[in-house]
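The lines below spell out each chain.
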Amino acid sequence: MIETRSTAAIVDRAWGWLLTLMQIGEVANRVGLSLRTIRHYHEVGLVVPSERSAGGFRLYTEADVERLALIKTLKPLDFTLEQMRELLATVDAVRGDPGDDEERTAALLGRLAMFRAAADGRIDALRAQVHGLETLSRELKSLAANSRRRTSGQNR
């Protein structure tokens, strides 16, 4: 293993690829999450560091960083931890599916479609909220403009 202050590189035993490993501080900076949040996601099983250093420090790969970025995206969308776990498990299964079992692949794609439909439903709900807020904003702007006209007309 080649180590620097916050990154390390190892050769993946199965594939022979050179993997860059990052310590939690670098990952936190890249993803925009606190150390505490990343540790919490590890504790609840949403992301598990790919490696540990000789000193016991968590080490993360680029794939781990991408997973944390996805989790960060899901959090403000009101996904529960259990929903996140289910979605991440589905994503992992689809990515790892060799496609040699049609029933399994169909079941995975069905689960993925279910999450996609839920995401589309949330998009529709958010669009409706945005539309309502835009309408409210226009009405308030109009009210303020009318009030200013009345006020300026009285001052003449």
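Look up: the structure comes first, before these words.
Residues numbered from 1 in each chain as written. Predicted model: local features only at pLDDT ≥ 70, side-chain atom pairs only at ≥ 80, totals over all residues. Heavy atoms only, no water.

Asker: With reference to specific residues and values, describe helix 4 (residues 81–96).
Answerer: Relative to the 22 Å expected for 16 residues at 1.5 Å per residue, helix 4 spans 22 Å between its end C-alpha atoms, a close match to the ideal helical length. For helix 4, the set of buried residues is Met84, Leu87, Leu88, Thr90, Val91 and Ala93. (Helix = DSSP H or I, 4+ residues; strand = E, 2+ residues; numbered from the N terminus. Expected span 1.5 Å × (residues − 1). Buried < 20%, exposed > 50% of the residue type's maximum accessible area, 1.4 Å probe, protein only.)

Asker: Can you lay out a negative patch on the surface for me, pointing to particular residues and giving the numbers?
Answerer: Together, Asp100, Asp101, Glu102 and Glu103 line one region of the surface with negative charge. Checked against the element boundaries, Asp101 lands in the loop between helix 4 and helix 5 (102–154). In this structure Asp101 comes out as partly exposed when scored by relative accessible area, which is 36%. (Patch = residues over 30% accessible without salt bridge, like charges linked within 9 Å, V, L, I, M, F, W, Y side chains within 5 Å. Areas by Shrake-Rupley, 256 points an atom, 1.4 Å probe, with all protein chains shown as cover. Salt bridge = Lys/Arg side-chain N within 4 Å of Asp/Glu carboxyl O. Lys, Arg positive; Asp, Glu negative; His and termini not counted. Charge placed at Lys NZ, Arg CZ, Asp CG, Glu CD.)

Asker: Which residues make up the packing of aromatic side chains, and what values do they have?
Answerer: Applying the stated criterion across every chain yields a total of zero aromatic pairs. The residue whose ring lies beneath Arg122 is Phe79, and the NZ or CZ to ring-centre distance is 4.2 Å. (Phe/Tyr/Trp six-rings, centres within 6.5 Å; stacked < 30°, edge-to-face > 60°. Lys NZ or Arg CZ within 6 Å of the ring centre and 35° of its normal.)

Asker: Describe the packing of helix 1 (residues 24–31) against helix 2 (residues 35–43), with residues and values.
Answerer: It is at 9 Å that the axes of helix 1 and helix 2 come closest, and there the two elements cross at 105 degrees. When the axes of helix 1 and helix 2 are compared, the pair comes out roughly perpendicular. Taken together, the residues of helix 2 that come into contact with helix 1 (itself represented by Ile24, Gly25, Val27 and Ala28) are Leu35, Ile38 and Arg39. Of the residues belonging to the contact of helix 1 with helix 2, the class tally is five nonpolar, one polar and one charged. (Axes fitted to C-alpha atoms, helices over the stretch in contact; angles between N-to-C directions. Parallel < 35°, antiparallel > 145°, perpendicular 65-115°, else oblique. Contact = heavy atoms within 4.5 Å. Nonpolar A, V, L, I, M, F, W, Y, C, P; charged D, E, K, R; others polar.)

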